Amino acid sequence: METTATFYSSEDNAVQAVTACYSIMVYRGSFSRNFWAFGDVASDDTEAAGEIGGVDQPPMQRIDQMLHVPTNPYLFEYWRNLYEGINNCNLVLENLTGAEFDENIRNRLMAEALFLRGMYYFYLNITFGGVPLVTRILILDEYYSTPRNTIAEVLHQVQEDLQAAASVLPDTYSASGD
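These numbers come from a predicted model, not from an experiment. (Residues numbered from 1 in each chain as written. Predicted model: local features only at pLDDT ≥ 70, side-chain atom pairs only at ≥ 80, totals over all residues. Heavy atoms only, no water.)

1. Focus: the side chain of Asn-81
What counts here: Only runs of H or I of at least four residues qualify as helices and only runs of E of at least two qualify as strands under DSSP, and these elements are numbered from the N terminus. The criterion used for residue contact is that any of the two residues' heavy atoms lie within 4.5 Å.
Residue position: Asn-81 is located in helix H5 (residues 73-96). If we ignore the near neighbours within four places in the chain, the residues touching Asn-81 are Ile-24, Tyr-27, Gly-29 and Ser-30.

Here you go:
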């Protein structure tokens, strides 16, 4: 039976784990539909819904009116999905540290997880202000009791993650993925 300890000891599994860190980018509620809503609809760049009377897309109209409530499905999906990505990154970072396969590959995978975690926190921070900063795997009781951090604290963690990733990752990758 595969355990967390044995799963992360395989290079192929470690690559799959990092792929899971990227996977939330294609979710409908992450960087596709919702991403433009928080940048464009929440500004004067666009108007939510097209008809007079405003009965089309009420959750999107609430974003347009800057009425942000936790029951808004666009806000909820975005928050949930980015924290899912952060959790996946934390799993990689906690479990790859001692993995015994090619050190260069392990370091690159960990740097990718750091980059993604930093990016996810950056977007959460600019969308919601200070958010709970989670840099390790939480136990169940901690999920609902972790306090919000300040914008400055989150940005400091973003900077740390991105600088650590930049120190390991190459400036470019070849088209073949080498």
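2. Details of the packing of helix H6 (residues 103-128) against helix H7 (residues 151-166)
Heads up, the condition is: Axes here refer to lines fitted to C-alpha atoms; in helices the fit is confined to the stretch in contact. Angles between the N-to-C directions go from 0 to 180 degrees. Put simply, angles under 35 degrees are roughly parallel, angles over 145 are roughly antiparallel, angles from 65 to 115 are roughly perpendicular, and the rest are oblique. Each crossing gets its handedness from the near helix: less than a right angle anticlockwise from the far helix is left-handed, clockwise is right-handed. For this scheme, ten residues count as nonpolar: Ala, Val, Leu, Ile, Met, Phe, Trp, Tyr, Cys and Pro. Four count as charged, namely Asp, Glu, Lys and Arg, and the remainder, Gly too, count as polar.
It is at 8 Å that the axes of H6 and H7 come closest, and there the two elements cross at 155 degrees. In this view, H6 runs roughly antiparallel relative to H7, as classed from their interaxial angle. The element H6 and its partner H7 pack so that their crossing is left-handed. Only Ile-151, Val-154, Leu-155, Gln-157, Val-158, Asp-161, Leu-162, Ala-164 and Ala-165 of H7 make contact with H6, whose side of the interface consists of Ala-111, Leu-114, Phe-115, Arg-117, Gly-118, Met-119, Tyr-121, Phe-122 and Asn-125. In terms of residue class, the contact of H6 with H7 is made up of 13 nonpolar, three polar and two charged.

Fair warning: the whole summary comes from geometry, so function is off the table for now.
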